[in-house]
Amino acid sequence: MSDENRGLKQGLTSYGDAGFSLFLRKAFIKGMGYSDDALERPIIGVVDTFSGYNACHANVPDLIEAVKRGVMLAGALPVPFPTISIHESFSHPTSMYLRNLMSMDTEEMIRAQPMDAVVLIGGCDKTVPAQLMGALSANIPAIQLVTGPMLTGSHRGERVGACTDCRRFWGRYRADEIDDQEIAEVNNQLVPGAGTCGVMGTASTMALVTEALGMMLPGGATAPAVSSDRRRIAEATGACAVAMARDDRKPSGIMTQHAFENALTVLLATGGSTNGIVHLAAMAGRAGLSLDLDAFDRIGRKVPVLVDLKPSGQHYMQDLHNAGGLVTILRAIREHLHLDCVTVTGRTLGEEIDAAPASFEQAIVAPVSAPIYPEGGMAVVRGNLAPGGAIVKQSAASPDLMRHRGRAVVFTSVEDMAERVDASDLDVTGDDILVLQNAGPKGAPGMPEAGYMPIPRKLARAGIKDMVRISDARMSGTASGTIVLHVTPEASDGGPLALVRDGDMIELDVAKRSLTLDVAEDELERRRGEIVPRQHAGSDRGHLKLFLDSVLQADQGCDFNFLVPVAVGKVPVTEG
Ligand code: FES
């Protein structure tokens, strides 16, 4: 790269006089006290996603300081800059509604401002995929640093953490098993400090698959947010970014077809969040790769779940970190990985696995010979109810419901469900199948995590813990149950899910990968004629208009159609 395209000299503001543009730029940045020596150095942008609304990113200021130290020790100039910050519980209507906007913000700010490499600091669910989508599209040297998982809290002697335990305690409260005082007590303990949810939710999943992709330093996924390890990783990340700038090591050379396959394999072996498949589809899409759901399912037939973390298992992310972190998993599934993929360090995944500290006896990552679950965490089901496929997190489902035929109890929207699910006169039994329509990317809009439909209160009080639930929505990675998600196409995009009526019979058979609506084709055709397209208030302007006009379906990652290049390949590429 020529000198004009490095440091402060690149990407000048257009005044029609390059010399004046640089003169003006230097005058303004000197207003912050920089010397000419500092301004001659390579520039490492550092994405600041701190927000007063985002406890998952509460340690970002500390991490920025550590990254800056690493950058300066390596001889370059760090320059932090802000982007959108998204927290799951502070995103209306949903965080997914904002992910693509954050990716565009990230991409455009990387493009607009002079930097030779960028450190992406994020953690809460949508932020890491948004940042990597943006970095892939901008395609300058980039490295991910996650904020890291929170530590666990304690409630009446029991270890608790966000957010599998949030749902578990709320379920018990709904079933009248615990009272107002106890639910208030546990509310104080579920998030005991800074960092991302401590179970195998979406944030943990995305951290692990990002390390597997090669976009993060080895060992970077699991160190707790408040640990000294996390700050050392941040310092090393800053130094690595300087080396990446020097070597011009770009995301397009790291996030390759085989690297995505590694990430998908790790997603299955960890029992990772179902959101992970949507985000990986979106990230791969930015690289011109389309997701092959059936090939993903075939890998899942041979790669078992090994990680004993909630919600599929028992433990928390800090335990996985103490068990060696991702490399312990990578060693266990080594035969299924492409070891020649290059990582941010310039070394291959195989070289990093070999260079990592030796393995030791631990109880968090099971051996392949005695897995937590015999297949991958997710299965892909298809049928006349989901022609484009749907996902079921089989490792967190009830074994006795994996093959089930039941009567549909239909909710036509998230609002309809909220209004009626607890009604005492709702016609529902524990053998029925709950169906939620119009909760997909366009329907809700923003594909909320409403797929974890509550067990109707009268059934919860009768001791029912799980039912088959089917929707075009997503589900938090921290949730569990026999839940079919991401039905594609969604109800609001012409999908047959919109045609289900109360009392229809539905059959789920996960072993056969089938999802069948037992209604005659001519009756379905008649119902199709009755459908009235949903309207969303305010959809004639702004981001909502852009979103509804452009969002793709779940199997394409819910990205905007104008951000995705024409696909030139598929992932995964290896037959299972
Ligand atoms: Fe941020 Fe769970 S809410 S990671």
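Described in the following lines is the structure provided in the data block.

1. A short note on the packing of aromatic side chains
Counted under the stated rule, the structure contains seven aromatic pairs. Relative to F20, the ring of Y15 lies with its centre 5.7 Å away and its plane at 70°, an arrangement referred to as edge-to-face. Note on Y15: relative accessible area 47%, which makes it partly exposed. Ring pairs connect the aromatic residues Y97, F547, F560 and F562, which therefore count as one cluster.

2. Comments concerning the state of the cysteines
One pass over the full model with this rule turns up one disulfide. Two residues share a disulfide in this structure: C163 and C166, whose sulfurs sit 2.2 Å from each other. The chirality of the disulfide connecting C163 with C166 is left-handed, given an S-S dihedral of about -90°. For the residue pair C163 and C166, the accessibility class agrees, reading buried in each case. Between C240, a free cysteine, and C341, which holds the nearest cysteine sulfur, the sulfur-to-sulfur gap is 16 Å. Owing to a relative accessible area of 9%, C240 belongs among the buried residues under this scheme.

3. Examining the side chain of H336
With respect to the secondary-structure elements, H336 resides in the loop between helix 15 (326–332) and helix 16 (349–355). Non-local contacts of H336, meaning those with residues more than four positions away in its chain, are made with T265, K302 and V303.

4. Focus: helix 6 (residues 164–174)
Since there are 3.6 residues in each turn of an α-helix, residues three or four apart along the chain are aligned in direction. Among the residues making up helix 6, those that are buried are T164, D165, C166, F169 and R174. Looking at the buried residues of helix 6, the elements they touch are strand 5 (153–155), strand 6 (158–160), helix 7 (180–187) and helix 18 (457–461). Looking one or two residues past helix 6, D176 carries a phi angle of roughly 65°, positive in sign.

5. Quick notes on the sheet that holds strand 3 (residues 117–122)
The strand order across the open sheet built from four strands is 2-1-3-4, with neighbouring strands paired in parallel fashion. Single-partner strands in this sheet number two, and they are strand 2 (77–82) and strand 4 (142–146). Taking each pair of neighbouring strands and ignoring which way they run, the sheet shows an average axis angle of 25°. By the bridge criterion, five bridges tie strand 3 to strand 4 in an arrangement that is parallel. Each bridged residue has a counterpart across the sheet, and for I121 the counterpart in strand 4 is L145.

6. Description of the side chain of E261
Within the element layout of this structure, E261 appears in helix 11 (residues 257–270). Looking at E261, its side chain comes within polar contact range of the main-chain nitrogen of V573, at 2.6 Å. If we ignore the near neighbours within four places in the chain, the residues touching E261 are I299, H338, P572, V573 and T574.

7. Some thoughts on unusual backbone geometry
In this structure, P311 follows K310 across a cis peptide bond, with omega equal to 5°. Position of P311 relative to the elements: it lies in the loop between helix 13 (293–300) and helix 14 (317–322). Omega for the bond connecting A444 with P445 falls within 30 degrees of zero, at -10°, which places this linkage in the cis form. Mapped onto the secondary structure, P445 falls in the loop between strand 11 (433–436) and helix 18. A positive phi angle is found at N139, which is not glycine, with a value near 55°. Residue position: N139 is located in the loop between helix 5 (127–138) and strand 4.

8. Let's talk about the packing of helix 6 against helix 7
For any two helices packed against each other, one specifies the crossing angle of their axes together with the interaxial distance. Contact pair helix 6 / helix 7: the axes reach a minimum separation of 10 Å and the direction vectors enclose 170°. One finds that helix 6 runs roughly antiparallel with respect to helix 7. Across the interface between the two elements, F169, W170 and Y173 from helix 6 touch D180, E182, I183 and V186 from helix 7.

9. Looking at the nonpolar core
Here is a general trend for soluble globular proteins: nonpolar side chains tend to be buried in one another's company. Core analysis: the biggest nonpolar cluster contains 111 residues, and F260 and I277 have the highest contact counts within it. A per-element tally of this core places helix 11 first, with eight residues. Among the nonpolar cores identified, the runner-up in size contains 31 residues, and V410, V484, V510 and V519 belong to it.

Basis of the calculations
- Residues numbered from 1 in each chain as written.
- Predicted model: local features only at pLDDT ≥ 70, side-chain atom pairs only at ≥ 80, totals over all residues.
- Heavy atoms only, no water.
- Phe/Tyr/Trp six-rings, centres within 6.5 Å; stacked < 30°, edge-to-face > 60°.
- Buried < 20%, exposed > 50% of the residue type's maximum accessible area, 1.4 Å probe, protein only.
- Disulfide = S-S within 2.5 Å.
- Helix = DSSP H or I, 4+ residues; strand = E, 2+ residues; numbered from the N terminus.
- Contact = heavy atoms within 4.5 Å.
- Pairing = 2+ DSSP bridges.
- Axes fitted to C-alpha atoms, helices over the stretch in contact; angles between N-to-C directions.
- Polar contact = N/O pair within 3.5 Å; in protein donor to acceptor, adjacent residues only side chain to side chain.
- Parallel < 35°, antiparallel > 145°, perpendicular 65-115°, else oblique.
- Core = buried A, V, L, I, M, F, W, Y, C linked by side-chain atoms within 4.5 Å.

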